[in-house]
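Examining the three-dimensional arrangement
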Amino acid sequence: MKSFLEETTLDIYQRHAQEIDQIAIIIPNKRAAVYIQQYLSKQIKQPFFAPKIITINEWVDAETSERILNQTELLFVFYNVYVNYEKAKSESFDEFLKWATIILNDFDEIDRYRIAPHEIFRDLQNIKEIDEWSFDTEELHSGQIDFMNLWDKLPKYYQHLSEQLKEMNATYQGKAYQQFAQKCELIKPTSFKHYYFIGFNAFSQSEQDIISALKKQEVGTIYFDVDQHYVNNKEHEAGHFYRKLRPIFADKIPVPNHINGTAKTIEIVETAQQVAQAKYAGHILKDLTPEEINKTAIVLADESLLIPLSRSLPATIEKANITMGYPLKYSHLKSLVDMIFDLQQNALKFGNKNLYHKTILQFLDHGYIQQLIGDRKAIEVFKKEIILKNKITITPQELLKNLPALANVIPIFNIWEKQAEDGIQAMKTLIQALYENFKKQDDSKSISLEILYHFSIGMQKFEAIFDTYPQTLSLKSFKKLTYQFWQNESLSFLGNPTNGLQVMGILETRTLDFENLIVLGLNEGNLPKNNFSNSLLMRELKLHHHLPVEEDRDAIFAHHFYRLLHRAKKVFLSYNSNGEGFASGEKSRFITQLENELDPTIGHQLNKHTFSGSDKATNTAETVYKLTPTVEAKLDALFERGLSPSALNTFLKCPLDFYYTYILNLREENDVEESIESSTFGTMIHEVLERIFSPFLKEKRAITIPILSQEKKQLKVYLKEEYLKVFQPKDFEFGQNKLSYEVSIKFLEDFIDLQIKELKKVDFPIFVKHLEEDIETTFEWEINGKQKKVKIKGQADRIDQLGSIYRIIDYKSGKCDSEKVKLNKKVEQDGFQSVFEDKENKKAYAIQLLMYASMFKGMFPEHKPFTAGIISMINLKDWVQNVGTQEDENYISDTLLEKFQEELKETVKLMYSQGFEYKHNPKAKYCDYCGN
């Protein structure tokens, strides 16, 4: 089957075989040009002068004598017009920027669709007057009044802007289309004998009038790429525009039946991860022959998948042409520029010239900066210093003292007093420093140099515009205007666009056909795109004047999608079902439509399946570790050091997390605390309590009410001293830290009050025996035929004696209730197997306390009876909550402890078992290293 472009090119050649160089072919995108030239070469088979092949935007630009301004320059021109009109009433450029872009877009659309400005502005004012006529007596505030007045001023803004642009011999794109349409209606174009429009679907009124004028003059022909499947269904959005245009252009060519004329196999693939879609594409490609690869395209509905895809292509793919280009907004340079703006924004936010630690740590981790500094060791030393000294902010001088290589880019760290001027100079300094560094490297930096070049050109253009139209900009406005550069810029890759695997975005597919299609990222919001239209023109007004609305934009994307299916034989459609960030996790409505539209009786096969992380094809099978000699040696070392209660609970909660944490010794990297973390919060309370109760321990005297009452008055002093060990004084004077400080005071005061209440209630004195005491005991068990020593260890916050009973007390800053420490009486008969095997680890606190009890008994066998309990700062009113059965509240029985230790032994044996798998427990919450 011939492709659409091949059929069209052949028809054009047959009409103009002897004058092929005297025609113009207008196409939606540049990609089609290479294919047209290739198809012409097959027909002519000798050197020839090619026809003019050009996109419609390029054609209109070439035919426009005025300079077409870009969006940024147009904003500055419009602001000058606005100031000259409003004079003293004009707003700052920052305020103007909030609404000016919307108005300019409306002006562009009005002209592009050849709407008479005075008519649409008149209708807009009439609607406004109707809205003002209301029974609502509430006064409008100034912002509402200004907004209502803005509608009245739109005609004047439009008029004055048009006059200003005329004086400058300049225009914007919508007006350029409007003027070119007028020109075509008045004058017959003489540049070429005939104009062919290939593969278009939707037109603005200007585009439609241009083609109509050429057809009327018999020098214009249009070729549509449509299909009966959706054209004949009047409700189908993909055929929306063709059904409107067919009578206008008197298109009498029969509509083909490609979608249902050829049996298709369509695979709909759901993935639970975004990156898994790229891996799935790689898996499909592995099974294709080189000939099939040449007829295959990967279409990215989500362009952020480009980098994961490039890393997932099989090594067997010799040729891959990425025509969509590499979007610069996903480049390393863009992320670096983001950090520079963050540094400036945080300086304004905190009101000082220091640098925020989080941004600096990210900055120092950036590959470009590490290469610029050239001393990884110095970077790590400085990062550790920031963390160890808990520096929330760093001075620029301190940064340069530790990393002097950054002196070349010092302007990015200084406060930009004049946001635009200083910001532009800082960016130029950064570009120069990176360029000098990159050019010394090997070819691996060639792409980075190309990205740097594009960014440099963009900044030069912005600087030229700013020099021509100087304005005072805030950091936010400067950032917004700078970022306009990133939106549509991409880095093109060299490749063969007609041979090998083709990778492209949805817009690049227009006019092209492939037998094998792999469409990735087919989620709602990607295709069709989210339809957010900022406009001052309400929907009813747009419908009345035949301006495009949301349904029209959806119809455009619907045609893009269905057109892909015309001549395809194998189609793979993937979507991510996991909503991450702003992603919906919902498959595109186009997939749902296909599922309901395709008729299997004519040979179509539609299969649906899930591609999960355990699929072998993804190379991301479930992570599982088993016992090896190395693992056994690591376990031996762990039990020689001592198994803590938290380590045991980690194993019971998730064996894989235990493996990562205690076998591989992975640990979370420390970070600067700018707000008090729960661990620090608890530690500070512990330290204050230890300070209060230490004198009783040292002097071996009972806890007394008068001394506690006196100590209660010192709580704020003690706590403040603890805070100052971690934070600066100003760090807990406001916000979350101040709240945490006040909460800590309240917890400590309530603790002392309840301790005093207990002293009044009991008949015996309370003696503190140990504070923050390291306790441990060692068992000797036979495991796998070998005698192994298993040490368990922990730190008891407090051990005291109330009468004849010893109490092991653990402080918790979190909540603990009786459900977490009380056990069913059956455990003394049946054992702890059900407790240990509970996948949700609901009795973790009980297990921890019984671990403490085992250690205590091992170290102090003479101390009987004893209890082990928790004092929770969240529910202090419950005071000491002891572990045990519901019927036995007074002390831990020997039977209970023996049953616990039996199950502890079985658990340790399980760790050493040859068949045991260290794998993730899907019911576990908050795994540190499993990615859950």
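Residues numbered from 1 in each chain as written. Predicted model: local features only at pLDDT ≥ 70, side-chain atom pairs only at ≥ 80, totals over all residues. Heavy atoms only, no water.

Before going further, it helps to spend a moment on empty space enclosed by the protein. In total, this model carries 1 cavity of 30 Å³ or more according to the counting rule given. In this structure, the largest cavity spans a volume of roughly 30 Å³. Ile-103, Asp-106, Phe-107, Ile-110, Phe-121, Leu-154, Leu-536 and Leu-537 together form the lining of the largest cavity. Per-element accounting of the lining of the largest cavity gives the leading share, 4 residues, to helix α5 (residues 93–112). Split by residue class, the lining of the largest cavity holds 7 nonpolar, no polar and 1 charged. (1 Å grid on protein atoms, 1.4 Å probe; cavity = no way out; pocket = protein on both sides within 12 Å on 5 of 7 lines; lining within 4 Å. Points joined across faces, edges and corners; volume = space filled by probe spheres on them. Helix = DSSP H or I, 4+ residues; strand = E, 2+ residues; numbered from the N terminus. Nonpolar A, V, L, I, M, F, W, Y, C, P; charged D, E, K, R; others polar.)

What follows covers the domain arrangement of the protein chain. Often the size quoted for an interface is simply the accessible area lost on bringing the parts together. Looking at the assigned domains, one finds that the protein chain contains domain 1 (4–65 + 178–223), domain 2 (70–130 + 151–171), domain 3 (265–325 + 494–611), domain 4 (329–491) and domain 5 (630–919). Taking only C-alpha atoms into account, the centre of domain 3 sits 35 Å from that of domain 4. Tallying the contact residues gives 4 residues for domain 3 and 4 residues for domain 4. Here domain 3 meets domain 4 over a buried area of about 300 Å², counting both sides, of which 54% is carbon and sulfur. Linking domain 3 with domain 4 are 1 salt bridge, by the criterion used here. Glu-303 serves as the salt-bridge partner of Lys-329, at 3.1 Å between the closest nitrogen and oxygen. Inspection of the domain 3/domain 4 interface yields 1 residue pair in polar contact (both at pLDDT 80 or more). In terms of residue class, the side of domain 3 that touches domain 4 is built from 1 nonpolar, 2 polar and 1 charged. (Domains from an automatic or database assignment. Contact = heavy atoms within 4.5 Å. Buried area = accessible area lost by both parts, 1.4 Å probe. Salt bridge = Lys/Arg side-chain N within 4 Å of Asp/Glu carboxyl O. Polar contact = N/O pair within 3.5 Å; in protein donor to acceptor, adjacent residues only side chain to side chain.)

In this structure the tally under the stated criterion is 54 salt bridges. A salt bridge links Lys-812 to Asp-810, with the shortest nitrogen-to-oxygen separation between them at 3.1 Å. Note on Lys-812: relative accessible area 16%, which makes it buried. Judged by relative accessible area, which is 5%, Asp-810 ranks as buried. (Buried < 20%, exposed > 50% of the residue type's maximum accessible area, 1.4 Å probe, protein only.)

Among the 7 residues in strand β16 (residues 570–576), 6 count as buried, and that is most of the element. Relative to β16, strand β15 (residues 516–520) runs parallel, the two being bridged by 4 bridges. When the sheet's bridge partners are listed, Val-519 is paired in β16 with Leu-573. (Pairing = 2+ DSSP bridges.)

Turning next to the pairing of strand β19 (residues 766–783). For a regular strand, side-chain orientation follows a simple rule: the groups alternate between the two sheet faces. Pairing analysis gives 16 bridges linking β19 to strand β20 (residues 786–802), with the strands arranged antiparallel. Pairing of Ile-783 across the sheet is with Lys-786, part of β20. Hairpin connection from β19 to β20: 2 residues lie between these consecutive antiparallel strands, with Asn-784 at a positive phi of about 55°.

For any two helices packed against each other, the geometry comes down to the angle between their axes and how far apart the axes lie. Where helix α36 (residues 844–859) contacts helix α37 (residues 894–911), the two axes come as close as 10 Å, and the packing angle between them is 105°. The angle between α36 and α37 falls in the class roughly perpendicular. Residues Ile-847, Leu-850, Met-851, Ala-853, Ser-854 and Lys-857 of α36 form the contact with α37, whose participating residues are Asp-894, Leu-896, Leu-897, Phe-900, Gln-901 and Leu-904. Looking at the contact of α36 with α37 residue by residue, the class counts come to 8 nonpolar, 2 polar and 2 charged. (Axes fitted to C-alpha atoms, helices over the stretch in contact; angles between N-to-C directions. Parallel < 35°, antiparallel > 145°, perpendicular 65-115°, else oblique.)

Moving on, we come to the sheet that holds β15. Reading across the sheet, the 7 strands line up as β9-β14-β8-β15-β16-β7-β17 and stay open at both edges, with parallel pairing between neighbours. The sheet is open, and its two edges are formed by β9 (320–322) and β17 (605–611), each paired on a single side. Across the sheet, the axes of successive neighbouring strands diverge by a mean angle of 15°, strand direction being ignored. Relative to β16, strand β7 (residues 265–271) is paired through 7 bridges, and the arrangement is parallel.

With that out of the way, let us pick up the nonpolar core. Counting residues in hydrophobic clusters, the biggest one holds 113 residues, and the most contacted among them are Phe-78, Phe-107, Leu-161, Ile-298 and Phe-413. Here Leu-161 is in contact with Leu-74, Val-77, Phe-78, Val-81, Leu-104, Phe-107 and Tyr-172, once residues within four sequence places are set aside. Grouped together as the second largest cluster of nonpolar side chains are 77 residues, Tyr-196, Phe-557, Phe-561 and Leu-594 included. (Core = buried A, V, L, I, M, F, W, Y, C linked by side-chain atoms within 4.5 Å.)

Counting across every chain of the model gives 66 aromatic pairs. Judged by centre distance (5.9 Å) and plane angle (65°), the rings of Phe-121 and Tyr-158 are edge-to-face. Here the residue Phe-121 occupies a position in helix α6 (residues 117–132), and Tyr-158 occupies one in helix α7 (residues 142–168), the gap between them amounting to 37 residues. Of the two residues, Phe-121 and Tyr-158, neither departs from the other in class, the shared state being buried. Ring geometry for Phe-200 versus Phe-203: centroids 5.5 Å apart, planes at 35°, classification tilted. Residues Phe-200 and Phe-203 agree in their burial class; the two are buried. Of note, Arg-112 hangs over the ring of Tyr-177, and the distance from its end group to the ring centre comes to 4.8 Å. (Phe/Tyr/Trp six-rings, centres within 6.5 Å; stacked < 30°, edge-to-face > 60°. Lys NZ or Arg CZ within 6 Å of the ring centre and 35° of its normal.)

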